[in-house]
Amino acid sequence: IQALPQFREVLGRLSVHISVSSELKNALNARSLTDLGELEQNLIYGDANSQDLIKFLSERGASLEDSDKMRLLMSYIATHPEKLDAVKRAQWQKLARLDDQDMAAVCNLAFLNVAVTKQPGAQQPKGLSFGLKPKKAKKTYRRREGAAGQEQYALTRFDPVLLDVCEEALANRLSSDEYPYVRAPTEAAPEDFEATRIASVRTNRSATSWARKDASTTSPSSATQGSIGSMLQGLGLRGGSAASAGGASGGRRLIVFVIGGVTRSEMRAVHEISQRSGRDVLLGSTAVLKPLGFLSQLRSMGSVGQ
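Definitions and cut-offs
- Residues numbered from 1 in each chain as written.
- Predicted model: local features only at pLDDT ≥ 70, side-chain atom pairs only at ≥ 80, totals over all residues.
- Heavy atoms only, no water.
- Helix = DSSP H or I, 4+ residues; strand = E, 2+ residues; numbered from the N terminus.
- Buried < 20%, exposed > 50% of the residue type's maximum accessible area, 1.4 Å probe, protein only.
- Lys, Arg positive; Asp, Glu negative; His and termini not counted.
- Salt bridge = Lys/Arg side-chain N within 4 Å of Asp/Glu carboxyl O.
- Polar contact = N/O pair within 3.5 Å; in protein donor to acceptor, adjacent residues only side chain to side chain.
- Axes fitted to C-alpha atoms, helices over the stretch in contact; angles between N-to-C directions.
- Parallel < 35°, antiparallel > 145°, perpendicular 65-115°, else oblique.
- Left-handed = near helix turned anticlockwise from the far one by under 90°.
- Contact = heavy atoms within 4.5 Å.
- Nonpolar A, V, L, I, M, F, W, Y, C, P; charged D, E, K, R; others polar.

With phi around 55°, Glu82 is a residue other than glycine that occupies positive phi space. Following the sequence through the fold, Glu82 ends up in the loop between α4 (66-79) and α5 (86-96). One non-glycine residue, Asn113, lies in the positive phi region at around 65°. Inspection of the secondary structure assignment puts Asn113 in the loop between α6 (100-107) and α7 (134-146). Overall, Asn113 belongs to the exposed group, its relative accessible area being 71%.

So this is what it looks like as structure tokens:
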């Protein structure tokens, strides 16, 4: 049986999967990413304070990468405004073992409207809520913990703000003050709109099925592709739009464009809401934001004191 080509192919894919999983686990353990990610989210949700951060950096600071320690400090500073005067800045820098350039990049959060230090005459500061009201943030926290089958994903409690924006847009509940129209909608009744709108020259078939292969043109390797697709779907990695996953999409497409960049978590959130709603949600941006790239951009801003 082991000499059969099909068996060798499946065994090869399984071997690759195990090898990649082992490397990921080793990377997680080497950088303490599980505990680090949990502390990050606890800081964001207010479930951790400076004492927890001091303890973590004291015990594991020597083995952490500088970029990971910078992210921890940024999470704390963003949610605890005006906590970084000159004395505390030196204390945090010594505890985290960061050089002057890295600590200056952390303080450059002030360029993003984060109240890093106390400003004379400034109003009472508020920590960043990441677009979510405290009650809604706690609700999201409980929903993530109690969701069926999500217990093993304790580090995915945070929902990006873009997810709420897309949900409001799909439900036609977006605030026109925060998201004004470029061209205000007409007051015409829906039936009048349907009668006067410009029809697309593409048929529904061409719009939703142009990339689908006909059953008669299926290649001999379709069985292998199907098994790979089943494996990816079982791992939660199966891609595709809402139309391909659940039939024809219902309702109009939602096109979201973010100026400044999007993160991978925002991409995943848009994909998930597209799957749940059964509608095509297209996401575009000027860049894809990555953790190291974001830190490099903060370093390139110079210094707040300049």
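On the secondary structure map, Arg279 appears in the loop between α13 (264-277) and β2 (281-285). Asp280 provides the closest opposite charge to the buried, unpaired Arg279, separated from it by 8.6 Å. Within the local environment of Arg279, its side chain forms a polar contact with the backbone oxygen of Arg252, the two atoms lying 2.8 Å apart.

What follows deals with the packing of α5 against α6. Two elements in contact, α5 and α6, have axes separated by 11 Å at closest approach and are oriented at 125°. The orientation of α5 with respect to α6, classified from their angle, is oblique. The way α5 lies across α6 gives a crossing that is right-handed. Packed against α5, whose contacting residues are Arg89, Trp92 and Gln93, the element α6 presents Asp100, Met103, Ala104 and Cys107 at the interface. Broken down by class, the residue content of the contact of α5 with α6 amounts to four nonpolar, one polar and two charged.

The subject of this paragraph is the side chain of Ser67. For Ser67, the location among the structural elements is in helix α4. Classification of Ser67 by relative accessible area gives buried; the value is 11%. Excluding residues within four positions of it along the chain, Ser67 makes contact with Arg31, Leu292 and Leu295.

In this section: the pattern of salt bridges. Per the counting criterion, the structure on display carries 12 salt bridges. Close ionic contact of Glu9 with Arg13 constitutes a salt bridge, the shortest N to O distance being 3.4 Å. A residue pair is termed a helical-turn pair when its members lie 3 or 4 positions apart in one helix, as Glu9 and Arg13 do in helix α1 (residues 5-31) at four residues. Take Glu9: its relative accessible area is 37%, and that puts it in the partly exposed class. A salt bridge links Arg71 to Asp68, with the shortest nitrogen-to-oxygen separation between them at 2.9 Å. With Arg71 and Asp68 both in helix α4, this residue pair falls three residues apart, about one helical turn. A residue is classified by how much of its surface remains accessible, and Asp68, at 0% relative accessible area, is buried. If you follow the salt bridges from partner to partner, you end up with Arg31, Glu40, Glu65, Asp68 and Arg71 in one network.

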